[in-house]
Amino acid sequence: YSDEITFNLKTSSEIIKKNIFLGVGPRNYYIECNNFWYKKNTNLMNSCTSHPHNYHLQLIAEVGITGYLFIILFFFYLIWKLIKIRFHNFNILRKDKSYAILIISLTTILWPLTTSGNFFNNWLSYFNFFVLSLFFAENHLFSKSKNHK
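Bear in mind the structure is a predicted one, so any value in this text is a computation, not a measurement.

(A) Representation of the side chain of Asn-54. Mapping Asn-54 onto the fold places it in the loop between α3 (36-42) and α4 (55-88). Residue classification places Asn-54 among the buried residues on the basis of a relative accessible area of 11%. Each residue touching Asn-54, except ones within four places of it in the same chain, is listed here: Pro-112, Thr-114 and Ser-116.

(B) Spotlight on unusual backbone geometry. Here the phi dihedral of Arg-27 falls at roughly 65°; this positive angle occurs in a residue that is not glycine. Among the secondary structure elements, Arg-27 is positioned in the loop between α1 (2-18) and α2 (29-33). Here Arg-27 falls in the exposed class, since its relative accessible area comes to 52%. A positive phi angle, close to 60°, is found at His-53, a residue other than glycine. Summarising the element assignment, His-53 is placed in the loop between α3 and α4. Taking relative accessible area as the criterion, His-53 reaches 26% and is therefore assigned partly exposed.

(C) Molecular detail of the packing of aromatic side chains. Under the definition given, this model contains 13 aromatic pairs. For the ring pair Tyr-55 and Phe-119, a centre distance of 5.4 Å and an interplane angle of 85° mean the geometry is edge-to-face. Of the two residues, Tyr-55 sits in helix α4 while Phe-119 sits in the loop between α6 (97-109) and α7 (122-147), which places them 64 residues apart along the sequence. The two residues Tyr-55 and Phe-119 agree in class, both being buried. Put simply, the rings of Phe-74, Tyr-77, Trp-80, Tyr-99, Phe-135 and Phe-136 touch in pairs and so form one group of aromatic residues.

Calculation notes
Residues numbered from 1 in each chain as written. Predicted model: local features only at pLDDT ≥ 70, side-chain atom pairs only at ≥ 80, totals over all residues. Heavy atoms only, no water. Helix = DSSP H or I, 4+ residues; strand = E, 2+ residues; numbered from the N terminus. Buried < 20%, exposed > 50% of the residue type's maximum accessible area, 1.4 Å probe, protein only. Contact = heavy atoms within 4.5 Å. Phe/Tyr/Trp six-rings, centres within 6.5 Å; stacked < 30°, edge-to-face > 60°.

Dropping the structure here:
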């Protein structure tokens, strides 16, 4: 298992180096991975997977820094919200637990130091975007109720 993770990390880093700004295109990681140049430089033949099993590596490799910027900024926004809730407005947790739970859920989904599935997979996209839509709805309600007090 560690050989596969190492291969995915090396392959992703090589793809990222070669296509840093725009990436290779969504769902094209496997095609690039099968490129002989990557196999030759990583010394692991026949180990290509459809995705690198990490959302962040996959997004940087497939959509480049340009597309990844939105995801990483949103991740830091969630971290900022968690810090703000924890230290500045701790009473929020008593009033609106669902808001905090959705922030924690999205932070967990986007956590960079864990393995994950394919970002563009139908089932995972459904789950992730469902949680995201609940967060935006709750965020709207939360900021609306906060402004009226």
